[in-house]
Amino acid sequence: MDEKQRHAMGESARAARLRLGLTQAEVAKKIRLKSGVYGRVERGMMVPSVPTLRRICETLGISSDVLLSLSTQAPEAMAPAPPPAAGEHPELSRAIHILQGWPPDRLALLRKLLETADTHLSDES
């Protein structure tokens, strides 16, 4: 893969990540890379392995053809970002995106923690 192709791939990944409202660190964690390594992919300095490329595509919701500039279809047409709910805070959108991959038992535990924290914070008010 030449430099121009690496940069195009990085730009596609960056655009998809920003559409989802994610940070590089959040994507890196989901695809099991160090944040700095994922940053090098976005900057076109590194080509990921095939398994990592697949995880990037799945996490960012784009096809490998779009990521590798093999398709002329715009990334937005391939994986539109869900419209934010009216008045939804960006942090809530990020949290929801992170939680979508969690198993039910982990979600139940988080709900209990949130309920406990909410009760505690309400008592302080």
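Along each chain, residues carry numbers from 1 onward, in the same order as the chain's sequence is written. Per-residue local features of the predicted model are confined to residues with pLDDT of at least 70, and side-chain atom pairs are confined, for both listing and counting, to 80 or more; whole-chain, interface and lining totals are unaffected and use all residues. Where side-chain values are given, they derive from all heavy atoms of the structure, hydrogens and water being excluded.

Participant: If you had to explain the nonpolar core to someone new, which residues and values would you point to?
Facilitator: Nonpolar side chains in soluble globular proteins tend to be buried together. We call a set of buried Ala, Val, Leu, Ile, Met, Phe, Trp, Tyr and Cys residues a nonpolar core when their side-chain atoms join them within 4.5 Å. Exposure categories follow from relative accessible area, calculated using a 1.4 Å probe and restricted to protein chains: below 20% of the type maximum is buried, above 50% is exposed, and the middle band is partly exposed. One finds V27, Y38, I56, L60 and L67 to be the most contacted residues of the largest nonpolar core, which totals 15 residues. Of the residues forming this core, the biggest block, four residues, is contributed by helix α4 (residues 50–60). Excluding residues within four positions of it along the chain, L60 makes contact with A13, A16, R17, L20, V27 and Y38. Each helix corresponds to a stretch of at least 4 residues labelled H or I by DSSP, and each strand to a stretch of at least 2 residues labelled E; elements are numbered beginning at the N terminus. Only heavy atoms enter the contact rule, under which two residues are in contact if any of them lie within 4.5 Å.

Participant: If you had to explain the packing of helix α2 (residues 24–31) against α4 to someone new, which residues and values would you point to?
Facilitator: Following both chains from N to C, one finds α2 and α4 inclined at 125°, their axes separated by 9 Å at the closest point. Comparing their axes, α4 and α2 come out oblique. Between α2 and α4 lies a crossing of right-handed hand. When α2 is examined against α4, the residues V27, K30 and I31 are found in contact with a partner set consisting of T52, R55, I56, T59 and L60. The residue classification treats Ala, Val, Leu, Ile, Met, Phe, Trp, Tyr, Cys and Pro as nonpolar and Asp, Glu, Lys and Arg as charged. All others, Gly included, are polar. Here the residues of the contact of α2 with α4 sort into four nonpolar, two polar and two charged. Here an axis means a line fitted to C-alpha atoms, over the contact stretch when the element is a helix, while the angle between two N-to-C directions is reported on a 0 to 180 degree scale. When describing relative orientation, an angle under 35 degrees is termed roughly parallel and one over 145 degrees roughly antiparallel, while 65 to 115 degrees is termed roughly perpendicular and anything else oblique. In this scheme, a crossing is called left-handed if the near helix is turned counterclockwise away from the far one by less than a right angle; it is called right-handed if the turn is clockwise.

Participant: Give me the lowdown on the side chain of E42, citing residues and values where you can.
Facilitator: Mapped onto the fold, E42 is located in helix α3 (residues 35–42). When its relative accessible area of 4% is taken as the criterion, E42 is described as buried.

Participant: Describe the packing of helix α1 (residues 3–19) against α3, listing the residues and the values that go with them.
Facilitator: Running from amino to carboxyl end, α1 crosses α3 at an angle of 115°, the nearest separation of the two axes being 7 Å. Contacts between α1 and α3 involve R6, M9, G10, E11, A13, R14 and R17 from the former and Y38, V41 and E42 from the latter. The class makeup of the residues in the contact of α1 with α3 is four nonpolar, one polar and five charged.

Participant: Hey, could you go over α3 for me, with residue numbers and the actual values?
Facilitator: For α3, every residue scored as buried is listed here: Y38, G39, V41 and E42. Projection of α3 onto a plane perpendicular to its axis shows the buried side chains occupying an angular sector of 155°, all on one side. Buried residues along α3 sit against α1, α2 and α4. With its phi angle positive at about 75°, G44 sits one or two positions after the end of α3. Directions from the helix axis toward the C-beta atoms define the arc.

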